[in-house]
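# A closer look at the structure
The primary structure of each chain is shown beneath.
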Amino acid sequence: MLRREMILGMAALGLAACDTTGNRPLGPDGLPLPAAYIINPGDEAAIQFRMLDSVNALRQTAGVAPVALDARLTAAAATHSRDMAIQNRPWLFGSDGSSPLARAQRVGFQGRLLGENISESFESEIQTLAAWMAQENTRAVILDPNARFMGFAWYQEDSAKLWWTLNMGSDPAVSQPIAGLSF
């Protein structure tokens, strides 16, 4: 009898140790809801450089040149992230009807904007990058061989929802914007 109680006790202890949900709430499917990724004040530079390093590692693996952070593309990304939160929808157009190209031009970026990736999530920048790499169209933006500059920013709501924006642009000396094209 004691042996059976010991075995049942050990099994219960083992099962309790496997519980990784803690006090996390459960979703309608009975699975724990994902934990929100909270960005604290002062984390901005670390997050931007972690994303830059991750993007450049992926680009190196793909055999394309690395990119550098560009303050103008980052400003355009930050503006759009906040605007998506205000609109409460992830899409490429601003509330004023602006396109990604127009936003890059507004901040004075002299190269060609090659693409913009956006996301609405509660996930980290690395999880967001992994999701972008899983999709052919957003992966193509990250691995564009003409890209030399990257802008990356986000806006986090009080609910912890994140609105991510990544912009990739060309070297102004190599690739000028299309003449006569205005947005």
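Everything below is about the structure printed above this text.
So, here is what we can say about the structure in this document. None of these values were measured; they are calculated from a predicted model. (Residues numbered from 1 in each chain as written. Predicted model: local features only at pLDDT ≥ 70, side-chain atom pairs only at ≥ 80, totals over all residues. Heavy atoms only, no water.)

## Some points on the overall build of the protein
The test is simple: A run of H or I in DSSP becomes a helix once it reaches four residues, and a run of E becomes a strand once it reaches two; helices and strands are each numbered from the N terminus. A 1.4 Å probe rolled over the protein chains alone gives each residue an accessible area, and that area as a share of the maximum for its type sets the label: buried under 20%, exposed over 50%, partly exposed in between. In this analysis, two residues are considered to be in contact whenever any of their non-hydrogen atoms come within 4.5 Å of each other. All accessibility values rest on the Shrake-Rupley procedure with a 1.4 Å probe; residue burial counts only the protein chains present in the view.
For the protein, the helix and strand inventory stands at 6 helices and 4 strands. Burial statistics for the protein: of 183 residues in total, 38% are counted as buried. Restricting the contact set of the protein to residue pairs at least 6 apart, pairs at least 24 apart contribute 67%. With an accessible surface of roughly 10,700 Å², the protein has 59% of that area assigned to carbon and sulfur atoms.

## A few points about helix α3 (residues 71-87)
Put simply, the rule is: Residue count minus one, scaled by 1.5 Å, sets the expected span of a helix.
The end-to-end C-alpha distance of α3 is 24 Å, a good match for the 24 Å that 17 residues give at a rise of 1.5 Å each. The set of residues buried in α3 consists of L73, T74, A76, A77, H80, S81, D83, M84, A85 and Q87. Turning to α3, the residues buried within the fold contact α2 (44-62), β1 (68-69), α4 (100-106), β2 (113-121), β3 (147-156) and β4 (162-170). Just past α3, the residue N88 takes up positive phi, approximately 55°.

## Comments concerning the pattern of salt bridges
Spelled out, the test is: Salt bridge, as used here, is a side-chain nitrogen of Lys or Arg placed within 4 Å of a carboxyl oxygen of Asp or Glu.
Per the counting criterion, the structure on display carries 5 salt bridges. With a closest N to O distance of 2.5 Å, E125 and R50 form a salt bridge. Remark: R50 occurs in helix α2 and E125 occurs in helix α5 (residues 125-133); sequence separation between them is 75 residues. A salt bridge links R103 to E116; the shortest N-O distance between them is 2.8 Å. Here E116 lies in strand β2 and R103 lies in helix α4, a separation of 13 residues in the sequence. According to the relative accessible area criterion, R103 is buried, its value standing at 5%. A relative accessible area of 9% places E116 in the buried class.

## Points about the nonpolar core
To be explicit about the condition: For the purposes of this section, nonpolar cores are sets of buried Ala, Val, Leu, Ile, Met, Phe, Trp, Tyr and Cys residues that join through side-chain atoms within 4.5 Å.
V55, M150, F152 and L166 are the most contacted members of the largest nonpolar core, which has 20 residues in total. Elements that contribute at least two residues to this core include exactly α2, α5, α6 (136-142), β3 and β4. If sequence neighbours within four positions are ignored, M150 has contacts with M51, L52, V55, V67, A68, L69, D70, L73, T74, L166, N167 and M168.

## With respect to the pairing of β4
Two faces, one strand: in a regular strand the side chains alternate between the faces of the sheet. Formally: A pair of strands is labelled paired if DSSP reports no fewer than 2 bridges between them.
Counting buried positions over the 9 residues of β4 gives 9, a clear majority of the element. With burial as the criterion, each face of β4 is covered, one bearing L162, W164, L166, M168 and S170 and the other bearing W163, T165, N167 and G169. Strand direction decides the pairing type here: β2 and β4, joined by 8 bridges, are antiparallel. When the bridges of β4 are listed, I118 appears paired with T165.

## What to know about the packing of aromatic side chains
To be explicit about the condition: Pairing of aromatic side chains requires ring centres within 6.5 Å, counting the rings of Phe and Tyr and the six-membered ring of Trp. Pairs whose planes differ by under 30 degrees are stacked, by over 60 edge-to-face, and all others tilted. Here, over-ring charges are defined by two tests on the NZ atom of lysine or the CZ atom of arginine: distance to the ring centre within 6 Å, and angle to the ring normal within 35 degrees.
Considering all chains together, one arrives at 5 aromatic pairs under this definition. With a centroid separation of 5.7 Å and an interplanar angle of 50°, the aromatic rings of F152 and W154 are classed as tilted. In terms of burial, F152 and W154 fall into one category: buried. Clustering of aromatic rings is evident, with ring pairs tying together F152, W154 and W164. Above the ring of W91, the side-chain terminus of R89 is found at 3.8 Å from the ring centroid.

## Let's talk about the environment of A71
Examined against the element boundaries, A71 turns out to sit in helix α3. Each C-alpha atom, one on A71 and one on F109, is 9.1 Å from the other, the two residues being 38 residues apart in sequence.

## Focus on unusual backbone geometry
Of note, N88 is a non-glycine position whose phi angle comes to about 55°, a positive value. By the secondary structure assignment, N88 is in the loop between α3 and α4. Of note, A160 is a non-glycine position whose phi angle comes to about 85°, a positive value. Considering the arrangement of structural elements, one finds A160 in the loop between β3 and β4. Owing to a relative accessible area of 5%, A160 belongs among the buried residues under this scheme.

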